[in-house]
Amino acid sequence: MPKVLIVGGAGYIGSHTSRHLAKQGYDCIVLDNLSCGHAAAVGNIPLEKADLLDMASLQAIFDKYDIDAVIHFAAFSLVGESVAQPGKYYRNNVCGTMNLLDTMLAHGVRKIVFSSTCATYGQPHYLPMDEKHPQAPINPYGQTKLTIEKMFADYARAYGLKYIALRYFNAAGAAADGCIGESHHPESHLIPLVLQAIAGKRENIKIFGKDYDTPDGTCLRDYIHVEDLAEAHRLALEKLDLFQGCLNLGTGIPTSVLEIIRAAENVSGKVCPTVIEGRRPGDPARLYADNRKAAEILGWQPQYTNIEEIVRTAWNWEMNRKF
Ligand code: UDP
């Protein structure tokens, strides 16, 4: 089995992917600076604590292991913070990725699967969004991810890099066995915030806008289970010799904020305290994926298509979380 370096493998999507690959018999190594990730999420997989901005450490890791391919999740991803501190985002996300690519190429490693995002599209011009949708990010976070996608295309042409960038919609849920799940500090994502409000760990959930032009007035998003994302990374790894480019990962099913709250109430059997707030700047009313290209290229189909089942795994994690 190939030796895969999972950069950012202690984070939310990275740790689910590392465990998924390890279970399938891949030889995995996690590289993480543990600035956002959790060592406990890595389990028994070897963990190298290093920062992508530290070239010497990166080179030492590539010298130490005979790596065949890289999956790269490491990035700062808070939209608001990226507006306030764009330098932090360009340095970490863009310069860090450049260091990684240059070290890979210097060691003869040409294969990379990358964690991109629907934030590279910006405001939707049509729905569902396919990969040809114009890319015009509306914040520095999305801009850094788009810059990296472009860097991959240039490196592919010039140096023979083989890459697949996976543009996630809203990652959600937790491992079915409950051993790992979402744990951001601070938490900003809807589902964990709703579950924490239900569990009494927060006073309430603030609904950002109930006056959108949607069936119930709240925003529609495409929630994709983290284990479906993990499997898409495995499939992408296997396709790198045949395809290079970008693929959307979503269910294609729009779900509103109120539907998430209702699903969480059904799963937990408890009421969620809510407060209606104004709209959050930059939030489009609707965002959901056309996922047909990923289905065609990877042979991938999301297994979690029922929002209650997705929320149930997150609730199980919230009730038993270890970090
Ligand atoms: N949202 C909300 N209250 C919160 C956090 C999020 O109403 O405390 C809404 C947000 O406006 C968006 C949806 O929930 O419509 C998903 O937001 P999240 O931050 O989880 O992901 P995003 O879509 O921004 O990447």
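Above this text sits the structure in question.
All values reported here derive from a predicted model rather than from experimental measurement.

Trainee: Residue-level account of the side chain of His-38, with values.
Mentor: Along the chain, His-38 turns up in the loop between strand E2 (27–32) and strand E3 (47–49). On the basis of relative accessibility, which here comes to 16%, the residue His-38 falls in the buried class. Apart from the residues within four sequence positions on either side, His-38 is in contact with Ala-10, Ser-183, His-185 and Phe-323.

Trainee: Please set out the site of the ligand residue by residue, giving values where relevant.
Mentor: Around the ligand there are 15 residues in total, and Leu-190, Lys-206, Phe-208, Arg-280 and Asp-283 lie nearest to it. Between Lys-206 and the ligand, the recorded distance is 2.6 Å, taken from a backbone N or O atom to a nitrogen atom. At 2.9 Å from an oxygen atom of the ligand is found a main-chain nitrogen or oxygen belonging to Phe-208. Considering the ligand on its own, with 510 Å² of exposed area, one finds that the protein chains cover 86% of that surface. With four residues, strand E8 (residues 205–208) is the largest single contributor of residues to the shell around the ligand. When grouped by side-chain class, the residues that make up the shell around the ligand number eight nonpolar, three polar and four charged.

Trainee: Give me the lowdown on the packing of helix H2 (residues 55–64) against helix H4 (residues 86–106), citing residues and values where you can.
Mentor: Where H2 meets H4, the closest approach of the two axes is 10 Å, and the angle between their N-to-C directions is 35°. As for how H2 packs across H4, the hand of that crossing is right-handed. Together, Met-55, Leu-58, Gln-59 and Phe-62 of H2 and Asn-99, Leu-100, Thr-103 and Met-104 of H4 make up the contact between the two elements.

Trainee: Explain unusual backbone geometry to me, and be specific about the residues and the numbers.
Mentor: The phi torsion of most residues other than glycine is negative, and most of the peptide bonds are trans. For the peptide bond that leads from Leu-127 to Pro-128, omega is -10°, which places it in the cis range. At the junction of His-185 and Pro-186, the peptide bond is cis and its omega measures out at 0° in the coordinates. The topology assignment puts Pro-186 in the loop between strand E7 (170–172) and helix H6 (190–198). Even without a glycine there, the phi angle at Leu-34 is positive, about 60°.

Trainee: Outline the environment of Leu-195, supporting the account with residue identities and numerical values.
Mentor: Looking at where Leu-195 falls in the secondary structure, it is placed in helix H6. Assessed through its relative accessible area of 1%, Leu-195 is described here as buried. Sequence-wise, Leu-195 and Gly-282 are 87 residues apart; in three dimensions their C-alpha atoms are separated by 24 Å. Aside from chain neighbours lying at most four places away, what touches Leu-195 is Ala-264, Val-311, Ala-314, Trp-315 and Glu-318.

Trainee: Explain the sheet that holds strand E1 (residues 3–7) to me, using residue names and the numbers behind them.
Mentor: The strand order across the open sheet formed by seven strands is E3-E2-E1-E4-E5-E6-E11, and the pairing between neighbours is parallel. Sheet topology places E3 and strand E11 (245–249) at the edges, where each strand pairs with a single neighbour. Strand-to-strand twist across the sheet, computed as the mean angle between neighbouring axes with direction ignored, equals 20°. Where strand E6 (residues 162–168) and E11 come together, five bridges link them in parallel fashion. Pairing of Ala-165 across the sheet is with Cys-246, part of E11. Packing of helix H7 (residues 226–239) onto the sheet brings it into contact with E1, strand E4 (69–72), strand E5 (111–117), E6 and E11, and relative to E6 it is tilted by some 160°.

Trainee: Go over the pairing of E5 with me, naming the residues and quoting the values.
Mentor: With respect to burial, E5 is a largely interior element, six of its seven residues being buried. Direction of pairing for E5 relative to E6: parallel, over a ladder of seven bridges. Note that in E6 the partner of Thr-117 across the bridge is Tyr-168.

Trainee: Outline the nonpolar core, listing residues and values.
Mentor: Counting 33 residues, the largest nonpolar core has Leu-21, Leu-166, Leu-237, Leu-247, Leu-249, Leu-298 and Trp-300 as the members making the most contacts within it. Taken together, the elements giving at least two residues each to this core come down to E1, helix H1 (12–23), E2, E4, E6, H7, E11 and helix H9 (292–298). Sort the elements by how many residues they give to this core and H7 lands first, with six residues. When residues no more than four places from it in sequence are discounted, the contact partners of Leu-21 are Val-4, Ile-6, Tyr-26, Cys-28, Ile-71, Arg-234 and Leu-237. If you look at the next biggest cluster of nonpolar residues, it comprises 29 residues, including Leu-52, Met-104, Ile-112 and Ile-148.

Trainee: How would you summarise H4 if you had to cite specific residues and measurements?
Mentor: Here H4 is 21 residues long and its end C-alpha atoms lie 29 Å apart, about the 30 Å a rise of 1.5 Å per residue gives. Buried within H4 we find Tyr-89, Asn-92, Asn-93, Val-94, Gly-96, Thr-97, Asn-99, Leu-100, Leu-101, Thr-103, Met-104 and Leu-105.

Rules and cut-offs
- Residues numbered from 1 in each chain as written.
- Predicted model: local features only at pLDDT ≥ 70, side-chain atom pairs only at ≥ 80, totals over all residues.
- Heavy atoms only, no water.
- Helix = DSSP H or I, 4+ residues; strand = E, 2+ residues; numbered from the N terminus.
- Buried < 20%, exposed > 50% of the residue type's maximum accessible area, 1.4 Å probe, protein only.
- Contact = heavy atoms within 4.5 Å.
- Near = heavy atom within 4 Å.
- Polar contact = N/O pair within 3.5 Å; in protein donor to acceptor, adjacent residues only side chain to side chain.
- Areas by Shrake-Rupley, 256 points an atom, 1.4 Å probe, with all protein chains shown as cover.
- Nonpolar A, V, L, I, M, F, W, Y, C, P; charged D, E, K, R; others polar.
- Axes fitted to C-alpha atoms, helices over the stretch in contact; angles between N-to-C directions.
- Left-handed = near helix turned anticlockwise from the far one by under 90°.
- Pairing = 2+ DSSP bridges.
- Core = buried A, V, L, I, M, F, W, Y, C linked by side-chain atoms within 4.5 Å.
- Expected span 1.5 Å × (residues − 1).

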